[in-house]
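What follows is the residue order along each chain.
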Amino acid sequence: MNTQNLPMDKHLVSQFKRGLLEQHRELSLTIEKAEKEIRDLAGPVPLDAMDLSSFSASKDSLFLSVSQHRSRLRLIQQAVERLNDGSFGICVDCGSQIGLRRLQALPWASHCIRCQETSEARALAGNATLQFSLDSAQASGT
């Protein structure tokens, strides 16, 4: 299935592409700025415990921010690829159309609502199982 089968005209597809490319540009600049800040933090480490704590928190926050921005950037790049290959707006799991309102809210969405909810429910169940296993291991002393 390709974007010609979607209820989107070329103008709408073009709008999505422009928006995604603009977000890509903005995220790239944000990542570049944060990476520069991280490099700047590579200088001398404060010796005072309070300053060191603040320094570490700032550095951790920057690393987390860059990681999150890179993840979003990958999603945007994949959405642009789907626009280019004609599969934009098609769920990668079930092949059904992704709702226009969902795409307007999350233009990098690759799953329809139903498949996204199923995926999130599986992830939550997996996390609950993992937590139960960890709790059981701790309780048994392993």
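To start, this report covers the structure provided alongside it. (Residues numbered from 1 in each chain as written. Predicted model: local features only at pLDDT ≥ 70, side-chain atom pairs only at ≥ 80, totals over all residues. Heavy atoms only, no water.)

1. With respect to the overall build of the protein chain
Part 1 of the reasoning: Of the regular secondary structure elements, the protein chain holds 4 helices and 0 strands.
Part 2 of the reasoning: Helices (α) and strands (β) of the protein chain occur, in sequence order from the N terminus, as α-α-α-α.
Part 3 of the reasoning: Buried residues in the protein chain amount to 25% of all 142 residues.
Part 4 of the reasoning: Contacts spanning at least 24 positions in sequence make up 61% of the contacts within the protein chain whose residues lie at least 6 apart. (Helix = DSSP H or I, 4+ residues; strand = E, 2+ residues; numbered from the N terminus. Buried < 20%, exposed > 50% of the residue type's maximum accessible area, 1.4 Å probe, protein only. Contact = heavy atoms within 4.5 Å.)

2. Notes on the nonpolar core
Part 1 of the reasoning: In terms of nonpolar packing, the biggest core is built from 24 residues, with Met8, Phe16, Leu20, Leu83, Phe88 and Leu103 touching the most fellow members.
Part 2 of the reasoning: Contributing elements (two or more residues each) for this core: α1 (10–40) and α2 (49–85).
Part 3 of the reasoning: It is α1 that contributes the most residues to this core, 8 residues altogether.
Part 4 of the reasoning: Excluding anything up to four places from it in sequence, Leu83 contacts Val13, Phe16, Lys17, Leu20 and Phe88. (Core = buried A, V, L, I, M, F, W, Y, C linked by side-chain atoms within 4.5 Å.)

3. Observations concerning the packing of aromatic side chains
Part 1 of the reasoning: Per the stated rule, a full pass over the model turns up 1 aromatic pair.
Part 2 of the reasoning: Ring geometry for Phe16 versus Phe88: centroids 5.1 Å apart, planes at 55°, classification tilted. Placement of Phe16 in helix α1 and of Phe88 in the loop between α2 and α3 (100–105) is noted, with a sequence separation of 72 residues between them. Like Phe16, the residue Phe88 is buried in the burial classification. (Phe/Tyr/Trp six-rings, centres within 6.5 Å; stacked < 30°, edge-to-face > 60°.)

4. Structural notes on the side chain of His111
Part 1 of the reasoning: Within the secondary structure, His111 is located in the loop between α3 and α4 (113–140).
Part 2 of the reasoning: In terms of polar contacts, His111 uses its side chain to reach the side chain of Asp93, at 3.3 Å.
Part 3 of the reasoning: Excluding its chain neighbours within four sequence positions, the residues that come into contact with His111 are Cys91, Val92, Asp93, Ile98, Arg102 and Gln116. (Polar contact = N/O pair within 3.5 Å; in protein donor to acceptor, adjacent residues only side chain to side chain.)

5. Observations regarding α2
Part 1 of the reasoning: Between its terminal C-alpha atoms α2 stretches 54 Å, which fits the 54 Å expected from 37 residues at 1.5 Å a residue.
Part 2 of the reasoning: For α2, every residue scored as buried is listed here: Phe55, Leu62, Val66, Leu73, Ile76, Ala79, Val80, Arg82 and Leu83.
Part 3 of the reasoning: One or two positions beyond α2, positive phi appears at Gly86, with a value near 90°. (Expected span 1.5 Å × (residues − 1).)

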